[in-house]
Amino acid sequence: MSYPKVEFKIVPIKKEIWAFNHFLQHSNQSFKFRFLDSYSILKEPKLDITGWLKGEWKTKRRKTKVNVGHYQKEWNKIQKEFMTNLSDVIGTPWFKNPEKIEAYLSLCKVFPRNIEKMNFYIPYDWPTQRVFGIAAHEITHLLYFKKFGELFPDVSKQKYGGPHIEWILSEILVSVILNDKKFNKILPGPHYSYDCFYKNRIGKRTIQHYFEDKYAEDIYKKGKTFDDYLKWAYKFAKKHEKELDVVK
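Keep in mind that what you see is a predicted model, and the values were worked out from it rather than measured.

Chemist: Before we go on, may I ask you to explain helix 1 (residues 13–24) in this structure?
Modeler: An α-helical segment advances 3.6 residues per turn. Residues three or four places apart therefore align on the same side. Helix length check: helix 1, at twelve residues, gives a terminal C-alpha distance of 17 Å against a target of 16 Å (1.5 Å per residue), a fit within 8%. When helix 1 is considered as a whole, its buried residues turn out to be E16, I17, A19, F20, F23 and L24. Burial along helix 1 is one-sided: seen end-on, the buried residues are contained in an arc of 160°. Tucked into the core, helix 1 has its buried residues touching helix 2 (29–38), helix 3 (49–90), strand 2 (100–106) and strand 4 (119–123).

Chemist: Would you mind going over the nonpolar core with me for this structure?
Modeler: As a rule of thumb, nonpolar side chains are buried together in soluble globular proteins. Membership of the largest hydrophobic core comes to 88 residues, with the highest contact counts inside it found for F8, F20, L42, F82, Y144, L173 and F211. It is helix 3 that provides the largest number of residues to this core, a total of 13 residues. In this structure, Y144 is in contact with I90, L169, S170, L173, I177, F226 and L230, ignoring residues within four places of it in sequence.

Chemist: Even after reading the chapter, I still don't get the pattern of salt bridges, so can you show me in this structure?
Modeler: Proximity of charged atoms lets side chains of opposite charge pair with each other. Under the counting rule described, the total for this entry stands at 14 salt bridges. Through salt bridges with shared partners, one network takes in E7, K9, K100 and E102.

Chemist: I keep staring at helix 3 and nothing clicks. Help me out?
Modeler: Here helix 3 is 42 residues long, yet its end C-alpha atoms lie only 40 Å apart, well below the 62 Å a rise of 1.5 Å per residue gives. The largest bend along helix 3 reaches roughly 55° and is located at K60. Within two residues after helix 3, G91 carries a phi angle of roughly 80°, on the positive side.

Chemist: Explain the side chain of N67 to me, please; I cannot follow it from the model alone.
Modeler: As for its position among the elements, N67 is in helix 3. On the basis of relative accessible area, N67 is assigned to the buried category, the value being 13%. Leave out the neighbours within four places in its chain, and N67 touches L105, Y124 and D125.

Chemist: I would appreciate a short explanation of the packing of helix 3 against helix 4 (residues 128–151) in the present structure.
Modeler: A packed helix pair is summarised by two numbers, namely the angle formed by the two axes and the spacing between the axes. Running from N to C, helix 3 and helix 4 point in directions that differ by 35°, and their axes come no closer than 11 Å. Note on packing geometry: the crossing formed by helix 3 with helix 4 is right-handed. The residues of helix 4 that touch helix 3, namely those facing H70, Y71, E74, W75, I78, F82, M83, L86, S87 and I90, are T128, V131, F132, A136, I139, T140, L143, Y144 and K147. Its residues placed into classes, the contact of helix 3 with helix 4 shows 13 nonpolar, four polar and two charged.

Chemist: Looking at this structure, I do not really get the pairing of strand 2. What am I missing?
Modeler: Regular strands have side chains that alternate between both faces of the sheet. Taken across its seven residues, strand 2 has six buried, putting it largely inside the fold. Inspection of the sheet shows strand 1 (residues 5–10) paired to strand 2 by six bridges, in the parallel sense. Across the sheet, I10 pairs through a bridge with L105, a residue of strand 2. Pairing geometry for strand 2 and strand 4, over five bridges, is parallel. In the strand pairing of strand 4, S106 is matched with P123.

Chemist: Which parts of the structure should I look at to understand the packing of aromatic side chains?
Modeler: Between two aromatic rings, the relevant description is the distance of the centres plus the angle of the planes. A complete count under the given rule lists 37 aromatic pairs for this structure. On the basis of an interplanar angle of 50° and a centroid distance of 6.3 Å, the ring pair of F8 and Y71 is categorised as tilted. Of this pair, F8 sits in strand 1 while Y71 is found in helix 3, placing the two residues 63 residues apart along the sequence. Each member of the pair F8 and Y71 is classed as buried. Ring centres of Y104 and Y121 lie 5.9 Å apart, and the angle between their planes is 85°; on these two criteria the pair is classed as edge-to-face. A residue pair is termed long-range when its members are at least 10 positions apart, and Y104 in strand 2 and Y121 in strand 4 qualify at 17 residues.

Chemist: I tried to follow the sheet that holds strand 1 on my own but got confused; where do I start?
Modeler: By definition, the strands of a sheet pair up through backbone hydrogen bonds, in either a parallel or an antiparallel sense. In space, the four strands of this open sheet follow the order 1-2-4-3, with mixed pairing throughout. Of all the strands in the sheet, just strand 1 and strand 3 (113–114) have a single pairing partner and so form its edges. By the bridge criterion, two bridges tie strand 3 to strand 4 in an arrangement that is antiparallel. Looking at strand 4, one finds that N114 is bridged to N119. In the packing of helix 1 onto the sheet, the strands contacted are strand 2 and strand 4, and the crossing angle to strand 4 comes to about 75°.

The rules behind each value
Residues numbered from 1 in each chain as written. Predicted model: local features only at pLDDT ≥ 70, side-chain atom pairs only at ≥ 80, totals over all residues. Heavy atoms only, no water. Helix = DSSP H or I, 4+ residues; strand = E, 2+ residues; numbered from the N terminus. Expected span 1.5 Å × (residues − 1). Buried < 20%, exposed > 50% of the residue type's maximum accessible area, 1.4 Å probe, protein only. Arc of directions from axis to C-beta. Contact = heavy atoms within 4.5 Å. Core = buried A, V, L, I, M, F, W, Y, C linked by side-chain atoms within 4.5 Å. Salt bridge = Lys/Arg side-chain N within 4 Å of Asp/Glu carboxyl O. Bend = angle between axes of the 7 residues up to and from the residue. Axes fitted to C-alpha atoms, helices over the stretch in contact; angles between N-to-C directions. Left-handed = near helix turned anticlockwise from the far one by under 90°. Nonpolar A, V, L, I, M, F, W, Y, C, P; charged D, E, K, R; others polar. Pairing = 2+ DSSP bridges. Phe/Tyr/Trp six-rings, centres within 6.5 Å; stacked < 30°, edge-to-face > 60°.

So, in structure tokens, the structure goes:
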């Protein structure tokens, strides 16, 4: 099976500046506070963010170059098995173009992705398994939305981002997918979604457990396909859109 290769690299400074400015102005307050809690200097009203970021990268670039090589070497050991299993679980082959996915090592505290350009952000200095957990999460989003587009071609791709229900559903299901038994030896879990999905409920069960339980029932017990499960999940999500709109 062919699949795009994941290439680890240091984030271009223009993209880093964009990410910081974007999330500091984001309507989602939890995203904003992750930055402010980690970098108290960002609370200064007259801070030159561009100048500050360039200064930070001068001190961290050497270490980050070492980490780029380390993450790449370790990822290459599991890449084929992970990418193959992900395709099997979601039930769609990998796209042939582009031939690579870029993973940007960044100072960010939120890790955005660009589905069209096939890239995403990861921490520049976290332990390997935590970095790979984030990488796997973002890579899964890329293939998940390929499958979603195949099943629901009339849904605009603009809805693949927040705050739309299509985006909310993807954030719930990515961890459900990664907790599939096929990934136990490659990337041991458990893999988690946003905390709010474990705190808020639909009936007697939490949002996350509702989708996890249905996955276990459909895939493991009844032998249904991921297509069957995703069709149910999307229909259920639209029916319970108000209950699922908890990412603030």
